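# Coordinates in review
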Amino acid sequence: MKRYVALLRGINISGKNKIPMIELKQCFERLDYTEVKTYLNSGNVIFFQVMKLI
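Each residue is numbered by its place in its chain's sequence as written, counting from 1. Totals for whole chains, interfaces and linings use all residues, but because this is a predicted model, local features are given only for residues with pLDDT of at least 70 and pairs of side-chain atoms are given and counted only at 80 or more. Hydrogens and water are ignored here; the side-chain numbers use all heavy atoms of the structure.

A tally of helices and strands in the protein chain yields 1 helix and 3 strands. Where helices and strands are cited, they refer to DSSP runs of H or I of at least four residues and of E of at least two residues respectively, numbered from the N terminus. In the protein chain, the succession of helices and strands from N to C terminus is β-α-β-β. Oriented by its inertia axes, the alpha-carbon framework of the protein chain measures out at about 45 × 15 × 15 Å. Remark: exposure states derive from per-residue accessible area (1.4 Å probe, protein chains only) relative to the maximum for the residue type, with buried under 20%, exposed over 50%, and partly exposed in between. The 54 residues of the protein chain split such that 20% are buried. The contact rule is simple, with two residues in contact once any of their heavy atoms fall within 4.5 Å. Expressed as a percentage of contacts within the protein chain between residues at least 6 apart in sequence, the contacts between residues at least 24 apart total 43%. What sets the accessible areas is the Shrake-Rupley method with a 1.4 Å probe; for residues, cover comes only from the shown protein chains. Total accessible area computed for the protein chain in this model is approximately 4,500 Å², and 57% of it derives from carbon and sulfur atoms. We treat Lys and Arg as the positive residues and Asp and Glu as the negative residues; His and chain ends play no part in the count. Here the site of a charge means atom NZ of a Lys, CZ of an Arg, CG of an Asp or CD of a Glu. Averaged over its 9 positive side-chain charges, the protein chain has a centre that lies 8 Å from the centre of its 4 negative ones.

Written out as structure tokens, the structure reads:
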């Protein structure tokens, strides 16, 4: 399992382009990432991806 960090720029800054962190987390979970956590209201996301063997 690999850990990744997404540093999303330009969201949740002074009310412009505001995205609730719970919705951002749910978007990552729908993409099959696990242990998704958001950091404050910064738009930064920490998540894991399970490596699937073919």
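Here we come to the pattern of salt bridges. We define a salt bridge as a contact between a side-chain nitrogen of Lys or Arg and a carboxyl oxygen of Asp or Glu at a distance within 4 Å. In this structure the tally under the stated criterion is 1 salt bridge. With a closest N to O distance of 3.9 Å, Glu29 and Lys25 form a salt bridge. In this pair, Glu29 and Lys25 are both assigned in helix H1 (residues 21-30), 4 residues apart and thus about one turn of the helix distant. Relative accessible area serves as the criterion here: at 28%, Lys25 is assigned to the partly exposed category.

Moving on, we get to a nonpolar patch on the surface. To count toward a patch, a residue needs a relative accessible area above 30% and no salt bridge. Like charges then connect within 9 Å, nonpolar side chains (Val, Leu, Ile, Met, Phe, Trp, Tyr) within 5 Å. Where nonpolar side chains cluster on the molecular surface, the patch consists of Val5, Leu7 and Ile46 and spans about 280 Å² of accessible area. Within the element layout of this structure, Leu7 appears in strand S1 (residues 2-7). When its relative accessible area of 64% is taken as the criterion, Leu7 is described as exposed.

Our focus in this paragraph is the nonpolar core. Here, the term nonpolar core denotes a set of buried Ala, Val, Leu, Ile, Met, Phe, Trp, Tyr and Cys residues that are joined through side-chain atoms within 4.5 Å. The biggest cluster of nonpolar side chains holds 8 residues, and these are Ala6, Ile11, Met21, Leu24, Phe28, Val36, Val45 and Phe47. When contributions to this core are tallied by element, the ones reaching two or more residues are H1 and strand S3 (44-49). Looking at which element gives the most residues to this core, the answer is H1, with 3 residues. Not counting chain neighbours up to four residues away, the residues in contact with Val36 comprise Lys25, Phe28, Glu29, Val45, Ile46 and Phe47.

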